[in-house]
Each structure stands twice: as C-alpha cells, then as structure tokens.
Amino acid sequence: MATTAISEDYAQAVTLAEAKLNAVGTEVPFEEGVHTGDPEQGMDWIVYVEPYQVTDWPAEDPPFQPYRVTAVASWPSARGTRRVTLRTIRLGQPL
C-alpha cells in the first residue's frame, strides 16, 4: 500500500510540474527568474526561467533567445521532502 501511495504522489507531482511548464507565458511569467505560488493539492511548486546557451547553433547568432525552464513540485513525506523536476527549452522573443 505504501508503494501505491508513493506512486500516486509522484504521478500527482508530475502532473503539477507539467501544468506549471505549460503555464509559462500565461499564468507563470515567461521572464528570467524564479516564480512560485500557493501550494496546489498539498504540493509546493517553483519554476525557474534562465537563458540557455546554445553551443552548436548553425548560424553565428540564434534568431531567438532560448530559455531553460525548470518546474519542481515537492511535498513532505515520512522520509523527508520528495520532489519531481521537469525541464524543457523554450524560445523567447526574436532577437
């Protein structure tokens, strides 16, 4: 039963982290920095937006600024804080 409960918690955390990644640009500002809000479904969340350096871009300068967006959902458990981290790359405004 404990394994099932932990699996459900992780599934809920993945769903929350995915929702926060998808919310960047609408509910979560698409601007460099750290963004957080009220806990949802008993889980804390935080979104980091930071410039991403492209090392093998085919042209000298990329036409858009890429950003690494990281969403973390965390919750307390008997063994300490558990967390799920999801990352993606998003393109900002044209340069």
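Structure first, text after, so check above.
Given the structure is predicted, the values throughout are model-derived calculations rather than measurements.

Criteria and cut-off values
- Residues numbered from 1 in each chain as written.
- Predicted model: local features only at pLDDT ≥ 70, side-chain atom pairs only at ≥ 80, totals over all residues.
- Heavy atoms only, no water.
- Salt bridge = Lys/Arg side-chain N within 4 Å of Asp/Glu carboxyl O.
- Helix = DSSP H or I, 4+ residues; strand = E, 2+ residues; numbered from the N terminus.
- Buried < 20%, exposed > 50% of the residue type's maximum accessible area, 1.4 Å probe, protein only.
- Phe/Tyr/Trp six-rings, centres within 6.5 Å; stacked < 30°, edge-to-face > 60°.
- Lys NZ or Arg CZ within 6 Å of the ring centre and 35° of its normal.

1. Digging into the pattern of salt bridges
A side chain of one charge can pair with a side chain of the opposite charge when the charged atoms of the two come close.
Point 1. Counted according to the given criterion, the structure contains 2 salt bridges.
Point 2. Between Lys-20 and Glu-40 there is a salt bridge; the shortest N-O distance is 2.7 Å. Of the two residues, Lys-20 sits in helix α1 (residues 2-23) while Glu-40 sits in the loop between β1 (33-36) and β2 (44-51), which places them 20 residues apart along the sequence.
Point 3. A relative accessible area of 7% places Lys-20 in the buried class.
Point 4. Classification of Glu-40 by relative accessible area gives partly exposed; the value is 29%.

2. A word on the packing of aromatic side chains
Point 1. Scanning the model with the defined rule gives 2 aromatic pairs in all.
Point 2. Residues Tyr-10 and Trp-75 carry aromatic rings whose centres are separated by 5.0 Å and whose planes lie at 85° to one another, so their mutual orientation is edge-to-face. One end of the pair, Tyr-10, is in helix α1; the other, Trp-75, is in strand β3 (residues 64-77), with 65 residues separating them in the sequence.
Point 3. Residue classification places Tyr-10 among the partly exposed residues on the basis of a relative accessible area of 29%.
Point 4. The ring of Trp-45 has Lys-20 sitting right over it, with the charged end atom 4.2 Å from the ring centre.
Point 5. Arg-90 extends its terminal NZ or CZ atom over the ring of Phe-30, reaching a point 5.0 Å from the ring centre.

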